[in-house]
Amino acid sequence: MPPRPPLSIFTKMKRQAVLQNRNVLGWLQASPLAVVLLGFLVAPIVMIVIVSFWGATEYSIYPAFQFDNYEFLFGSSVTYTVFFNTFKYALITWAMTLVLGFTVAYFLAFEVRSLKWQIGLFLVCTIPFWTSNIIRMISWIPFLGRNGLANSTLISWGVIDEPLEWLLFSDFSVILAFVHLYTLFMVVPIFNSMMRIDRSLLEAARDCGASGFQTLRNVIIPLCKPGIMIGTIFVTTLVMGDFITVRFMSGSQRANVGRLISNDISLLQYPSASATAVVLLCTVLIVIALLLRLVDIRKEL
Amino acid sequence: MTTISKVRYSRRAMLKAGGAALAASTLSAPMVWGQETKNITLRQFGTGVSNLNDVATKVKEDLGFTLEMTALDSDSVTQRAATQPDSFDIADIEYWICKKVWPTGNLQAMDTSKIANYDKIVGIFRSGKLTPESTIAQGTAPHSVGFVDGPGGTSFADSETGWMTLIPTIYNADTLGIRPDLIGRPIESWTELLNPEFKGKASILDISSIGIMDMAMVCEAMGEIQYGDKGNMTKEEIDKTFAIFTEAKKAGQFRAFWKTFDESVNLMASGEVVIQSMWSPAITAVKSRGIPCVYQPLKEGYRSWGGGLGLSANLSGMELEAAYEYINWYLSGWVGGYLMRQGYYSAVPETSKNFMSENEWGYWFEGKEATDVITSPTGDTLAQAGEVRDGGSFEERMGRVACWNAVMDENQYMVRKWNEFIAA
């Protein structure tokens, strides 16, 4: 290709000036993501908010601006029970995944010495994710059932005489499945934070005479806060938005907000489902806002 | 008022116009029927009961065109028929779903003069009566939503008009399924579902429009509630029904609720549940695992349901002809025989007879003792020689229907109460 004639100095300067204007460049770089988020996140949410004020008949929805859906939602005692259940599941699952996730991450980060083994064992943790989470969840059902493995083993050991009924289709089984499904979401960010901790800090702590527990409390946990917070956000949002785990593991006997929404959708009550979704969204956002007040993730990262 | 479909699919009008233009251009060309049908694909969706891959294979073999099947649960089927009219050509739905979906205008009425076996269709679907003396059961009886006044009719007609909403294909009388080995005594009444003896071992289905009918059968049998019409309850009746069941639920009567066919099979086969609402082929599925399971006839009668094929309003031209051809084939016996060997009934039993052995016909339809082993269409053994079908013959079973699956006037109220019941 023949060399292009050199641009006049004036044009060159003008071009550079435009590109060097930090604002323009910044906007350009941010625009692809902004467009994607606007189209696939903001627009649907706006749509949901709009529809939540609409009315519905048996088989159709019609545009309106009425508060019926919200009125019914806040006027029904079911809503409060169901929101309470949702928080209960989120809180218990959070506490258990935190303890488990922290322990696993601690073991990986501090007890396992070689990087090769750390990576290897970390990958082992992800193996269950090779199957779909529905399968991981459903496989508990035959295990926990009245005549399942757990009960028959306990009976054959003589620990119990009668099968334990509460193992399956109960809050226990729901939370068990949640913990099983979501612990890894706690392990990963905590492990990540732990790996960034400067080992000389731990040595310093020991040199200053701190016990293992004191090091953990005063050095490791504070430095893991961002990881814990990210894991917490993952777990709470996943649990609060779930509906299928609750349905399968409770044998449809318990309900959380997600199930309320999915029931409404299956019965073509889109406006009422939207209203519930809006309330749930607000609740989750408030929870996250509260969490972020506790730890400034941006500063810590 | 706008239907959901129109809100969601503003491009639908455009598609229609485009489709018409396309149809016009193809119609002017000479039609080569045999070749063209091979390229036709009809998309059918419906509940799992009759969306069988064997049917699609047989259609390809007998008629030459392709049938794509999608199986969904009842609620999803309703949702799809009401909101995504462009996603299907043939809707395989139940009559109560038809009552809900017909007003959306997503289905078109069918000309019965094009249905070869129309005159042989069982009376239940035409006059509403099995025999001239029968009384019509409560609920959404198929004939009451089976006809409209003309091709564009939007309200249901109360007699045969020559324009059918659904062509009936499959129906049955449902009752409770039990595990006789784990119960060990005769079960005779719907009240047994709430008998404290089966605490933690009972189940009902979590599909509100069907579940409420099972509940009503139980409450009525208990003598707690006298319904004016179980298929169209008043708010008061709905409240009372749910009060009884909520109390039972809180007392731990139910082990689980089920929503899909497979769930009901697993609950029963694993022994988690010993008495529950169930569908006939689910009993078959439990039995074929070698586990005893009985579809127990009860003295108060059956809760019945019927399904049929409806045509999408978007079907026209060659596809519409193919759809009629498919429906005629459906009623001509092969599918009927297949379904009857699973324990359902065919809308035109006499054509199905040709596709069943004498032993099978005697066992499934006439309620006679099996003279030889009875197997399912897939080859599993269902009954040995000498066994009799639970509930007996066709007339005995379909003649004792107490109510049909229904959609009530107070449906929205009922659904909200159902949600409360599940969350209670």
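The shown structure was predicted, so the numbers you read here are calculated from the model rather than taken from an experiment.

1. Quick word on helix 4 (residues 53-63) of chain B
Residues and elements named next belong to chain B. All of the buried residues along helix 4 are Val55, Ala56, Lys58, Val59 and Leu63. Taken end-on, helix 4 shows its buried residues confined to a sector of 165 degrees, consistent with a single buried face. Looking at helix 4, the residues exposed on the side facing more than 90 degrees away from the buried face are Asn53 and Glu61. Once helix 4 ends, the next one or two residues include glycine 64, with phi positive near 90 degrees.

2. A short note on the packing of aromatic side chains
Throughout the structure, instances matching the rule amount to 35 aromatic pairs over all chains. For the pair tyrosine 171 of chain B and phenylalanine 394 of chain B, a centre-to-centre distance of 6.3 Å together with 70 degrees between the ring planes defines the contact as edge-to-face. Of this pair, tyrosine 171 of chain B sits in strand 7 (residues 167-174) while phenylalanine 394 of chain B sits in helix 16 (residues 394-398); the two residues are 223 residues apart in sequence, bridging distant segments of the chain. When sorted by exposure, tyrosine 171 of chain B lands in the same class as phenylalanine 394 of chain B, which is buried. Clustering of aromatic rings is evident, with ring pairs tying together Tyr95, Phe125, Tyr171, Tyr345, Trp361, Phe365 and Phe394 of chain B. Seen from the ring of tyrosine 413 of chain B, lysine 235 of chain B lies directly overhead, with NZ or CZ sitting 4.9 Å from the centre. The aromatic ring of phenylalanine 72 of chain A is capped on one face by arginine 416 of chain B, whose charged end is 3.7 Å from the ring centroid.

3. Quick word on the domain arrangement of chain B
Residue and element names in this part refer to chain B. On domain assignment, one finds that chain B holds domain 1 (39-173 + 304-353), domain 2 (186-300 + 396-423) and domain 3 (357-392). Centre-to-centre separation of domain 1 and domain 3, based on C-alpha positions: 27 Å. With nine residues of domain 1 at the contact, the number on the domain 3 side is 10 residues. Summed over both sides, the interface of domain 1 with domain 3 buries roughly 950 Å², with 65% coming from carbon and sulfur. In this assembly, domain 1 and domain 3 are joined by one salt bridge. Among the ionic pairs, glutamate 360 bridges to arginine 341, the shortest N-O distance being 4.0 Å. Across the domain 1-domain 3 interface, the total number found is two residue pairs in polar contact (both at pLDDT 80 or more). For the side of domain 1 that touches domain 3, the elements supplying multiple residues, two or more each, are helix 13 (334-340) and helix 14 (349-353).

4. Observations concerning the domain arrangement of chain A
Per the domain assignment, the segments of chain A are domain 1 (1-44) and domain 2 (52-300). Placing the centre of domain 1 of chain A and that of domain 2 of chain A at their C-alpha centroids yields a distance of 42 Å.

5. Examining the interface of chain B and chain A
Facing the 41 residues of chain B at the interface are 36 residues of chain A. In total, about 3300 Å² of surface goes out of reach between chain B and chain A, with carbon and sulfur atoms giving 52% of it. The interface formed by chain B and chain A includes three salt bridges. Glutamate 263 of chain B is the partner of arginine 247 of chain A in a salt bridge, and the nearest nitrogen-oxygen pair spans 3.3 Å. Along the contact surface separating chain B from chain A lie 15 residue pairs in polar contact (both at pLDDT 80 or more). If you list the elements that add at least two residues to the side of chain B that touches chain A, you get helix 1 (4-8), helix 5 (74-83), strand 10 (254-258), helix 10 (261-269) and helix 17 (411-423) of chain B. Considering each element in turn, the side of chain B that touches chain A owes the most residues, eight residues, to helix 17 of chain B.

Conventions used here
Numbering of residues starts from 1 in every chain and runs along the sequence as written. To read the labels, note that chains go from A and ligands from 1, taken in the order they are written. Under the rules for a predicted model, residues below a pLDDT of 70 receive no local features and side-chain atom pairs below 80 are neither given nor counted, while totals for whole chains, interfaces and linings still include all residues. Where side-chain values are given, they derive from all heavy atoms of the structure, hydrogens and water being excluded. Accessibility here uses a 1.4 Å probe with only protein chains present; expressed as a share of the type maximum, an area under 20% marks a residue as buried, one over 50% as exposed, and anything in between as partly exposed. Only DSSP runs of H or I reaching four residues or more are called helices, and only runs of E reaching two or more are called strands; each is numbered from the N terminus. This arc is taken over the directions from the axis of the helix to the C-beta atoms. Centres within 6.5 Å make a pair out of two Phe, Tyr or Trp rings, where for Trp the six-membered ring is used; the pair is then stacked when the planes are under 30 degrees apart, edge-to-face when over 60, and tilted otherwise. By definition here, charges over rings are those cases where NZ of Lys or CZ of Arg is within 6 Å of the ring centre and within 35 degrees of the ring normal. Marked domain ranges trace back to an automatic or database domain assignment. By definition in these notes, contact holds between two residues if any of their heavy atoms fall within 4.5 Å. Put simply, buried area is the surface a 1.4 Å probe can reach on two separate parts but cannot reach once they are joined, added for both. Basic side-chain nitrogens of Lys or Arg form a salt bridge, by our definition, when they fall within 4 Å of a carboxyl oxygen of Asp or Glu. Under this definition, polar contacts are N or O atom pairs within 3.5 Å; protein pairs additionally need one hydrogen-donor-capable and one acceptor-capable atom, and for neighbouring residues in sequence, both atoms have to be side-chain atoms.

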